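Results of the structural survey
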Amino acid sequence: STSHGRNVLLIHRLNHDACASSRKIRLLRQAPSLKSCTALTAVYAAGLRVSEVVFLKIADIDSRRMVIRVEKGKGGRNRYAMLSHSF
């Protein structure tokens, strides 16, 4: 679908763009919905794969410890991803 292609393009641009964070924020604002923006932020801030973000639950986010529990990530393994303090 078109919105999926747009999201993939935004993820690619966020992960490979070395510009200032204000540009990254402008890119996030282009997301078609709050849900998409939140997913893109998780991809960028924690280095998650799109396939990992799809299955995230609110309970997986530990903001006190600044980690996200990723269940069944690459290779079917569980892991913790650190959240970026700067984002």
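In case you missed it, the structure is sitting above this.
Criteria and cut-off values
Residues numbered from 1 in each chain as written. Predicted model: local features only at pLDDT ≥ 70, side-chain atom pairs only at ≥ 80, totals over all residues. Heavy atoms only, no water. Helix = DSSP H or I, 4+ residues; strand = E, 2+ residues; numbered from the N terminus. Buried < 20%, exposed > 50% of the residue type's maximum accessible area, 1.4 Å probe, protein only. Core = buried A, V, L, I, M, F, W, Y, C linked by side-chain atoms within 4.5 Å. Contact = heavy atoms within 4.5 Å. Pairing = 2+ DSSP bridges.

Digging into unusual backbone geometry
Of note in the backbone geometry, Met66 takes a positive phi value of approximately 60° without being a glycine. Phi is positive for Lys72, close to 55°, though the residue is something other than glycine. Looking at the secondary structure, you find Lys72 in the loop between β2 (67-70) and β3 (79-82). Its relative accessible area of 67% is what places Lys72 among the exposed residues.

Some words on the nonpolar core
Within the largest apolar cluster, 9 residues are counted, these being Ala42, Val43, Ala46, Leu48, Val53, Ile68, Val70, Ala81 and Leu83. Residues in contact with Leu48, not counting those within four places in the same chain, are Ala42, Val43, Val53, Leu56, Ile68, Val70, Arg79 and Ala81.

Looking at the side chain of Glu52
Mapped onto the elements of the fold, Glu52 is located in helix α4 (residues 50-53). Assessed through its relative accessible area of 5%, Glu52 is described here as buried. With residues near it in sequence (within four places) discarded, Glu52 still touches Val70, Gly73, Lys74 and Arg79.

Looking at the pairing of β2
Across 2 bridges, strand β1 (residues 61-62) lies against β2 in antiparallel orientation. The partner of Asp62 across the bridge, within β2, is Val67. The turn joining β1 and β2, which pair antiparallel and follow one another in sequence, is formed by 4 residues; a positive phi near 60° is taken by Met66. For β2 and β3, the ladder comprises 4 bridges, and the chain directions are antiparallel. Residue pairing for β3: Arg69 is matched across the bridge by Tyr80.

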